[in-house]
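Structural description and commentary
Read off the chains here:
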Amino acid sequence: MFKGFQTRTVHRDGVRLHTRVAGDGPPLLLLHGHPQTLAMWHRVAPALAECFTVVLMDLRGYGDSARPTPDAEHRVHSKREMALDALAVMAQHGFDRFGVLAHDRGARVAHRLAADHPHAVPRLMLLDIAPTLAMYGHTSEDFARAYWHWFFLIQPPPLPEALIACDPARYVRSVMGSRHAGLAPFDPAALAEYERCAALPGTAASICEDYRASAGIDLEHDRADVAAGHCLMQPLRVFWGEHGTVGRCFDVLSLWRERAHQVTGQALPCGHYIAEELPGRVIAEALTFFTP
């Protein structure tokens, strides 16, 4: 799926991070969502690599990156730690400033990356999320039913881990297939990759820890930002699917304008998996937004 991309491994604090890179231009980091891997960018990354140096990475706990041992406070899987992973990956590839295009869980990492390291991220584009703090704070029955996994995965171990590990492929298909377009948008090779990586040892635990962190320590970090009056200063472009849960349950632009000074964006005619449902639109928007 990534002809011409080189595979590189980066190590940070004992955590192995799997990456792919191609292109020769301004650096652009792409971060994937749940329960996916960097394979979700297979319809977007090759075209972007014609104009940018595109770096793809599997978040810790996903894809072919390492599954670190959980800790009681979920710090190891916090978005702050994942943001430091992203910095290390880009530094290893020779970049200290870079654009970020991110979806779902990766977009939450990108938000923390831009907040903690504003010097490193001059621009970011986020796909189909509202701020984590706002989404938990404004949870409705409609949201809870649609995003049931948010509340299932944060339950105490080992029950969620055990249920996922007993049939990882079924978990992947259940989460992804329950959205607007079912499983139709996904290339069979990409779907097989998501299923393969979900079955790797430690994945179930890391998935749960990712969400436990988001419902715990990540919210602490977000509340600290709000209390201190910290907002993103970089230009932020946000898109969400008009058939998706995020746009139905939240006022996406208004919520982001509470957390960032320069926000533009709109709904797109698709569901949650924008990069696989509307790759041409994502490519066009990224070329316009990230081109110097």
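If you're wondering where the values come from, they're calculated on a predicted model, not measured in any experiment.

Time to look at the overall build of the protein chain. Each helix and strand counted, the protein chain has 15 helices and eight strands in total. Over its C-alpha atoms, taken along the principal directions, the protein chain stretches across nearly 50 × 40 × 40 Å. Considering the protein chain as a whole, with its 292 residues, one finds that 57% of them fall into the buried category. Across the protein chain, contacts joining residues at least 24 apart in sequence account for 76% of those joining residues at least 6 apart. A total accessible area of about 11400 Å² is found for the protein chain, and carbon and sulfur atoms account for 54% of it. In the protein chain, 28 positive and 32 negative side-chain charges are present, and the distance between their average locations comes to 1 Å.

On to the pairing of strand 2 (residues 15–22), then. Summarising burial for strand 2: six of the eight residues are buried, a large majority. Taken together, the seven bridges between strand 1 (residues 6–12) and strand 2 define a ladder with antiparallel strand orientation. Bridged to Thr9 within strand 2 is His18. From the end of strand 1 to the start of strand 2, which pair antiparallel, there are two residues, and Asp13 there has a positive phi angle of about 50°. Bridge count for strand 2 against strand 4 (residues 53–57) is four bridges, and the pairing is antiparallel. By the bridge assignment, Thr19 is partnered in strand 4 with Met57.

This paragraph deals with the environment of His34. As for its position among the elements, His34 is in the loop between strand 3 (27–31) and helix 1 (45–48). Spatially, the C-alpha atoms of His34 and Tyr62 are 8.3 Å apart, while their sequence positions differ by 28 residues. Excluding residues that lie within four positions of it along the chain, His34 makes contacts with Tyr62, Asp104, Arg105, His149, Leu153, Tyr171, Val175, Ile207, Tyr211 and Tyr273. One polar contact links His34 to Tyr171, side chain to side chain, over a distance of 2.8 Å.

Following both chains from N to C, one finds helix 2 (residues 79–92) and helix 3 (residues 105–116) inclined at 80°, their axes separated by 8 Å at the closest point. Here helix 2 lies roughly perpendicular to helix 3, going by the angle between them. Contacts from Lys79, Arg80, Met82, Ala83, Ala86 and Leu87 in helix 2 reach Arg105, Arg108, Val109, Arg112, Leu113 and Asp116 in helix 3. Residues of the contact of helix 2 with helix 3, tallied by class, amount to six nonpolar, no polar and six charged.

Attention shifts here to unusual backbone geometry. Note the cis peptide between His34 and Pro35, where omega equals -5°. Among the structural elements, Pro35 can be located in the loop between strand 3 and helix 1. Of note, the bond from Pro157 into Pro158 is cis; its omega dihedral lies within 30 degrees of zero at 10°. Position of Pro158 relative to the elements: it lies in the loop between helix 6 (148–152) and helix 7 (159–165). Positive phi values are uncommon outside glycine, yet Asp128 reaches one of about 60°. With respect to the helices and strands, the residue Asp128 is situated in the loop between strand 6 (124–127) and helix 4 (132–137). Classification of Asp128 by relative accessible area gives buried; the value is 1%.

Our focus in this paragraph is the pairing of strand 3. In terms of residue burial, strand 3 counts as a mostly covered element, since five of its five residues are buried. Sheet topology note: the strand 3/strand 4 ladder contains five bridges and is parallel. Bridge pairing links Leu31 to Met57 in strand 4.

Pairing is mixed across the open sheet formed by eight strands, whose spatial order is 1-2-4-3-5-6-7-8. The two strands at the open ends of the sheet, each matched to only one other strand, are strand 1 and strand 8 (260–268). Averaged over all adjacent pairs, the angle separating strand axes in this sheet is 20°, with direction ignored. Relative to strand 7 (residues 232–241), strand 6 runs parallel, the two sharing four bridges. Residue pairing in the sheet places Leu127 in a bridge with Phe239 of strand 7. Sitting on the sheet, helix 3 touches strand 3, strand 5 (99–103), strand 6 and strand 7, and the angle it makes with strand 5 is about 145°. Running over the sheet, helix 15 (residues 279–290) touches strand 3, strand 5, strand 6, strand 7 and strand 8 and is turned about 160° from strand 6.

Moving on: helix 11 (residues 217–228). Every α-helix winds through 3.6 residues per turn, so residues three or four apart in the chain are directed the same way. Its twelve residues place the ends of helix 11 17 Å apart at the C-alpha level, agreeing with the 16 Å of an ideal helix rising 1.5 Å per residue. Within the span of helix 11, buried status applies to Ile217, Asp218, Leu219, His221, Asp222 and Asp225. Elements that come into contact with the buried residues of helix 11 comprise helix 2, helix 3, helix 4 and helix 10 (203–214). Immediately beyond the C-terminal end of helix 11, within one or two residues, lies Gly229, with a positive phi of roughly 75°.

About the thresholds
- Residues numbered from 1 in each chain as written.
- Predicted model: local features only at pLDDT ≥ 70, side-chain atom pairs only at ≥ 80, totals over all residues.
- Heavy atoms only, no water.
- Helix = DSSP H or I, 4+ residues; strand = E, 2+ residues; numbered from the N terminus.
- Buried < 20%, exposed > 50% of the residue type's maximum accessible area, 1.4 Å probe, protein only.
- Contact = heavy atoms within 4.5 Å.
- Areas by Shrake-Rupley, 256 points an atom, 1.4 Å probe, with all protein chains shown as cover.
- Lys, Arg positive; Asp, Glu negative; His and termini not counted.
- Charge placed at Lys NZ, Arg CZ, Asp CG, Glu CD.
- Pairing = 2+ DSSP bridges.
- Polar contact = N/O pair within 3.5 Å; in protein donor to acceptor, adjacent residues only side chain to side chain.
- Axes fitted to C-alpha atoms, helices over the stretch in contact; angles between N-to-C directions.
- Parallel < 35°, antiparallel > 145°, perpendicular 65-115°, else oblique.
- Nonpolar A, V, L, I, M, F, W, Y, C, P; charged D, E, K, R; others polar.
- Expected span 1.5 Å × (residues − 1).

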